[in-house]
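In case you want the letters, here they are:
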Amino acid sequence: MGIGDKISNKAEELKGAAQEKIGEIRGDSGQEAEGAADQSEAKLKQAGENAKDSFGDAKDAITGD
C-alpha cells in the first residue's frame, strides 16, 4: 500500500469524525450518522490495504524477494 492511500484513508476518517461531531453539536442525527459511516468506510479500506500488505509481505518471505 502506498503512502498516498494511507493519507487518503486517514483524511477520510478524520473528515467523518469531524462531520459526526458537528452533527452531534447541531443535533443533526443524519449528519452524525453520515460521519460515523464515513469513518467506518475509511477504516474498512485501511483494513483491506493492511491485509494486502500482509499478503505481499508473506509472498516476499516465501519467494525471498
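Procedures and definitions
Residues numbered from 1 in each chain as written. Predicted model: local features only at pLDDT ≥ 70, side-chain atom pairs only at ≥ 80, totals over all residues. Heavy atoms only, no water. Helix = DSSP H or I, 4+ residues; strand = E, 2+ residues; numbered from the N terminus. Buried < 20%, exposed > 50% of the residue type's maximum accessible area, 1.4 Å probe, protein only. Contact = heavy atoms within 4.5 Å. Salt bridge = Lys/Arg side-chain N within 4 Å of Asp/Glu carboxyl O.

## Structural notes on the environment of Glu 41
Checked against the element boundaries, Glu 41 lands in helix H2 (residues 29-63). Accessibility expressed as a relative area gives 38% for Glu 41, which makes it partly exposed. For the pair Glu 41 and Glu 13, spaced 28 residues apart in sequence, the C-alpha separation works out to 7.9 Å.

## Structural notes on the environment of Glu 13
Mapped onto the elements of the fold, Glu 13 is located in helix H1 (residues 3-26). Filtering out sequence-adjacent residues up to four positions away, Glu 13 remains in contact with Gln 39, Ala 42 and Lys 43.

## Some thoughts on the pattern of salt bridges
It is possible for side chains bearing opposite charge to pair when their charged atoms get close. Counted according to the given criterion, the structure contains five salt bridges. Here Glu 13 makes a salt bridge to Lys 10, at a shortest N to O gap of 3.7 Å. In this pair, Glu 13 and Lys 10 both sit in helix H1, three residues apart, roughly one turn of the helix. Between Lys 45 and Glu 41 there is a salt bridge, with its nearest N and O atoms 3.7 Å apart. One end of the pair, Lys 45, and the other, Glu 41, are both in helix H2, four residues apart, so they sit about a helical turn from each other. Residue classification places Lys 45 among the partly exposed residues on the basis of a relative accessible area of 37%.

## Topic: the side chain of Asn 9
Relative to the helices and strands, Asn 9 is located in helix H1. Relative accessible area serves as the criterion here: at 8%, Asn 9 is assigned to the buried category. Not counting residues up to four positions away in its chain, the partners in contact with Asn 9 are Ala 42, Lys 45, Gln 46 and Glu 49.

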